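Fold and geometry: a report
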Amino acid sequence: MARFGKDVAIIGAGAAGMMCAMEAGKRGRSVLLLDHAAKLGEKIRISGGGRCNFTNLYAKPENFLSRNPDFCRSALARFTPADFISLIEKHGIHYHEKKAGQLFCNDSSRQIIELLRQECAAAGVEWQMPCKINGVNRVSATGHDGFVLETDKGRFVADSLVIATGGLSIPQIGASPFGYRIAEQFGLAVTPLRPALVPLMFAPEQVASFSQLTGVAVDAEVCCNGARFRDGVLLTHRGLSGPAILQISSYWHPGMAIDIDLLPDIDAIAWLLDQRRGSATLSSVLADRLPKRLAQAWCDAMVSEKPATPLGEYSVAELKRIASCLHKWSVTPSGTAGYRKAEVTLGGVDTRELSSRTMEAKKVPGLYFIGEVVDVTGHLGGFNFQWAWASGHAAGLFV
């Protein structure tokens with residue numbers, strides 16, 4: 001029985017917050033879920049092109065970045081993709097695997113929001129939204145600590161408080177630093193924050209060479225800082241995007257180069273030497289393997305001294321250099337597209353401050369952090385939703 005107004009107050013009605021609320025409610029806990037937004041689950045709604053990539057069949061700790069890579073193991077082991085799939089099937093939601101274990105709704109991401117809303121309702125969760133939180137403080141009574149929330153809807157008091165407010169990504173739908181400020185207010189460390197799963201911007205000289213290729217895509221392997229991803233690369237008017245670039249952006253730091261293998265399936269030097277017999281130019285030969293516009297722009301930028309020279313007139317040394325550049329096109333981005341285009345925030349509440357089993361702050365009993373606000377960031381492809389489900393479930397078992 002709650003010593004204060006509610007057993008649990010959860011700030012943030014996104015994926016992690018609703019998962020935590022329904023799990024706590026199932027245990028008979030009285031739960032109040034608050035959010036400043038007027039619409040429920042907006043980040044869920046816009047995810048996956050409106051179909052929500054709600055998990056990945058192959059989710060494992062190695063798919064997550066954190067200063068403590070082992071922190072996520074406990075939660076992920078106790079709530080697996082199969083567990084969420086069971087919930088999906090219970091609600092009759094049809095889904096499909098797009099690629100590499102990525103699961104999407106056949107119909108709409110709104111089905112996931114409705115699933116969570118229904119589960120929360122069945123568990124007796126109460127709602128306050130839109131509700132602006134003006135302040136959070138601890139309160140004591142007869143030797144017990146709790147939390148008081150000052151809001152524009154009045155004062156709410158609870159034994160336990162869960163912060164599920166997400167990160168800084170996509171501020172246009174309401175993202176804010178609220179969760180980090182609460183952590184710092186209670187003396188918890190927050191690791192450095194930066195946009196992740198985000199497009200990378202060309203330097204000015206590269207914009208001049210490649211900005212006219214907006215919409216051109218190529219299958220490539222991208223490497224940076226010890227990480228390597230094979231997937232699509234999309235050129236934009238300002239830089240590079242596509243799945244492979246979004247993935248590598250989580251590993252990139254300012255000043256670093258990313259290396260792009262434009263021909264990952266062939267031995268470029270052997271292939272170029274084999275093409276020397278004809279009168280075709282380098283760009284026309286490359287157009288057999290790459291989009292024509294990219295082949296021409298790449299040659300203009302990288303091999304500008306022989307634009308119309310037949311390939312047969314290149315020396316072996318020149319072709320070796322070109323082949324090397326095709327396998328390792330080195331691009332040093334000027335920056336990222338920022339939080340407005342980032343799918344997630346890298347960094348967050350330092351995992352050393354939290355119990356990996358319960359998500360509770362070690363120094364502040366009764367205070368929990370879950371989801372994106374924590375320093376656990378998944379790869380592209382449903383992993384961040386799986387972390388939301390798993391961390392929300394973990395906290396919901398103990399609040």
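Refer to the preceding data block for the structure.
This text gives an overview of the structure that appears in the document. All figures in this text were calculated on a predicted structure; none of them were measured in a lab. Here, residues in each chain are numbered from 1, in the same order as that chain's written sequence. Under the rules for a predicted model, residues below a pLDDT of 70 receive no local features and side-chain atom pairs below 80 are neither given nor counted, while totals for whole chains, interfaces and linings still include all residues. To get the side-chain values, all heavy atoms of the structure are used, and hydrogens and water are removed first.

Sheet architecture is open: three strands sit in the order β3-β6-β5, paired in antiparallel fashion. Either end of the sheet is taken by a strand with one partner, and the two such strands are β3 (53-56) and β5 (95-97). Along the sheet, successive strands turn relative to each other by an average axial angle of 30 degrees, direction set aside. Strands are treated as partners if at least two bridges between them are detected by DSSP. Runs of E in the DSSP output that reach at least two residues are strands. Runs of H or I that reach at least four are helices, and both are numbered from the N terminus. Of the pairings in the sheet, the one linking β5 to strand β6 (residues 102-105) comprises three bridges and is antiparallel in character. Considered in β6, the bridge of H96 is made with F104. Contact criterion: two residues are considered in contact whenever any of their non-hydrogen atoms come within 4.5 Å of each other. Here, axes are lines fitted to C-alpha atoms. For helices the fit covers the stretch in contact, and angles between N-to-C directions go from 0 to 180 degrees. Running at roughly 140 degrees to β3, helix α4 (residues 81-90) makes contact with β3, β5 and β6 of the sheet.

Attention shifts here to unusual backbone geometry. Residue P130 is bonded to the preceding M129 through a cis peptide linkage, with omega at 0 degrees. In this fold, P130 is placed in the loop between β7 (126-128) and β8 (133-141). At M359, a position not held by glycine, the phi torsion is positive, near 70 degrees.

Bringing the pairing of β6 into the picture now. When accessible area is computed with a 1.4 Å probe and restricted to protein chains, residues below 20% of their type maximum are described as buried, those above 50% as exposed, and intermediate ones as partly exposed. Taking every second residue as pointing to the same face, both faces of β6 are buried, with Q102 and F104 on one and L103 and C105 on the other. Bridging between β3 and β6 involves three bridges; their strand directions are antiparallel. Across the sheet, the residue bridging to T55 is L103, located in β6. The antiparallel pairing of β5 with β6 creates a hairpin that spans four residues between the two strands, and A100 there sits at a positive phi of about 50 degrees.

Within 6.5 Å between ring centres, the rings of Phe, Tyr and Trp (the latter by its six-membered ring) count as paired, and their orientation is classed by plane angle as stacked under 30 degrees, edge-to-face over 60, tilted in between. As enumerated under the stated definition, the model contains ten aromatic pairs in all. Between F54 and Y95, the ring centres sit 5.9 Å apart and the planes meet at 85 degrees, which makes this aromatic pair edge-to-face. Here Y95 lies in strand β5 and F54 lies in strand β3, a separation of 41 residues in the sequence. Taking 5.8 Å as the distance between ring centres and 35 degrees as the angle between the ring planes, the aromatic pair formed by F202 and F210 counts as tilted. Side by side, F202 and F210 carry an identical accessibility label, which is buried. Following the ring pairs from residue to residue traces out a cluster consisting of F54, F84, Y95, F385 and W389. Criterion for a charge above a ring: Lys NZ or Arg CZ within 6 Å of the ring centre, and within 35 degrees of the ring normal. Between K98 and the ring centre of F104, over which it is positioned, the NZ or CZ distance is 5.3 Å.

Attention shifts here to the side chain of E23. Along the chain, E23 turns up in helix α1 (residues 15-26). Exposure remark for E23: the relative accessible area of 11% places this residue in the buried category.

Turning next to the nonpolar core. By nonpolar core we mean a set of buried residues, namely Ala, Val, Leu, Ile, Met, Phe, Trp, Tyr and Cys, connected to one another through side-chain atoms within 4.5 Å. Ranked by size, the top nonpolar core spans 80 residues in total, and within it I112, L149, L367, F369 and W387 carry the most contacts. Those residues in contact with W387 that sit more than four places away from it in its chain are F64, F71, C72, A75, L76, M359, G371, V374, V376 and G392. If you look at the next biggest cluster of nonpolar residues, it comprises 53 residues, including A227, W252, Y314 and L319.

Here A208 shows up in helix α7 (residues 204-210). In this structure A208 comes out as exposed when scored by relative accessible area, which is 64%. In sequence terms A208 and A301 are 93 residues apart; their C-alpha atoms lie 9.5 Å from each other.

Another point: the environment of D145. Looking at where D145 falls in the secondary structure, it is placed in strand β9 (residues 144-151). Distance in space between the C-alpha atoms of D145 and R230 is 51 Å, their sequence separation being 85 residues. A polar atom in the side chain of D145 sits 3.3 Å from the side chain of R138. In protein, a polar contact means a hydrogen-donor-capable atom and an acceptor-capable atom, both N or O and within 3.5 Å, with residues adjacent in sequence counting only if both atoms are side-chain atoms; elsewhere, any N or O pair within 3.5 Å suffices. A polar contact of 2.5 Å, which involves the side chain of D145, links it to the side chain of S140.

Now for the pattern of salt bridges. One side-chain nitrogen of Lys or Arg within 4 Å of one carboxyl oxygen of Asp or Glu is enough to make a salt bridge. Enumeration according to the criterion identifies 19 salt bridges in this entry. Put simply, E42 and R45 hold a salt bridge, and the shortest N to O gap is 2.7 Å. Note that E42 and R45 are positioned in helix α2 (residues 42-46) at a spacing of three residues, about one turn of the helix. For E119, the salt bridge goes to K90, with nearest N and O atoms at 2.7 Å. With E119 in helix α5 (residues 110-122) and K90 in helix α4, the pair connects residues that are 29 residues apart, well separated along the chain. Where salt bridges share partners, they join E23, K26, K90 and E119 into one cluster.

Honestly, that's just the spatial picture; any functional story needs more than this.
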